[in-house]
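# Secondary and tertiary structure notes
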Amino acid sequence: AMLDGAPRSATATVIEDAIVYSLSRRALDALARSDPSLATKLLVNLGRHLSARLRQTTDTLRELVDSRG
């Protein structure tokens, strides 16, 4: 949602007290202006995380298809 402006695709539920942080697009833009290096690191790490999740999803889908054929 922060990157593309679409509604969030998930919710979070905790089973015990927790501190949860969020980062809005406006805050990310402000971070990019005030500390470009940190914003770059954040976006690179986010990209790595999303890439890993996409690979995991692809592997799961491939396994499902292979198990049916």
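Residues numbered from 1 in each chain as written. Predicted model: local features only at pLDDT ≥ 70, side-chain atom pairs only at ≥ 80, totals over all residues. Heavy atoms only, no water.

## Examining the overall build of the protein chain
From N to C terminus, the protein chain includes two helices and zero strands. A compact globule built from 69 residues should have a C-alpha radius of gyration of about 11 Å, whereas the protein chain, at 17 Å, is more than 25% larger. When the backbone C-alpha atoms are referred to their principal axes, the protein chain occupies close to 55 × 30 × 20 Å. Sorting the 69 residues of the protein chain into buried and exposed places 6% on the buried side. Distance between charge centres in the protein chain, computed from 10 positive and 8 negative side chains, equals 7 Å. (Helix = DSSP H or I, 4+ residues; strand = E, 2+ residues; numbered from the N terminus. Rg over C-alpha atoms; globule rule 2.2 N^0.38 Å. Buried < 20%, exposed > 50% of the residue type's maximum accessible area, 1.4 Å probe, protein only. Lys, Arg positive; Asp, Glu negative; His and termini not counted. Charge placed at Lys NZ, Arg CZ, Asp CG, Glu CD.)

## A word on the pattern of salt bridges
Any two side chains of opposite charge can pair, given that their charged atoms come close. A complete count under the given rule lists two salt bridges for this structure. As a salt-bridge pair, Arg-25 and Asp-29 come within 3.1 Å of each other at their nearest N and O atoms. Placement of both Arg-25 and Asp-29 in helix H1 (residues 25-34) is noted, with a separation of four residues, approximately one turn of the helix. Among the residues examined, Arg-25 registers a relative accessible area of 41% and is labelled partly exposed. (Salt bridge = Lys/Arg side-chain N within 4 Å of Asp/Glu carboxyl O.)

## Describing a nonpolar patch on the surface
On the surface, Leu-3, Leu-43 and Leu-50 cluster together into a nonpolar patch covering about 250 Å² of accessible area. Tracing the backbone shows Leu-3 in the segment before H1. For Leu-3, a relative accessible area of 46% puts it in the partly exposed group. (Patch = residues over 30% accessible without salt bridge, like charges linked within 9 Å, V, L, I, M, F, W, Y side chains within 5 Å. Areas by Shrake-Rupley, 256 points an atom, 1.4 Å probe, with all protein chains shown as cover.)

Keep in mind these numbers describe shape, not what the thing actually does.
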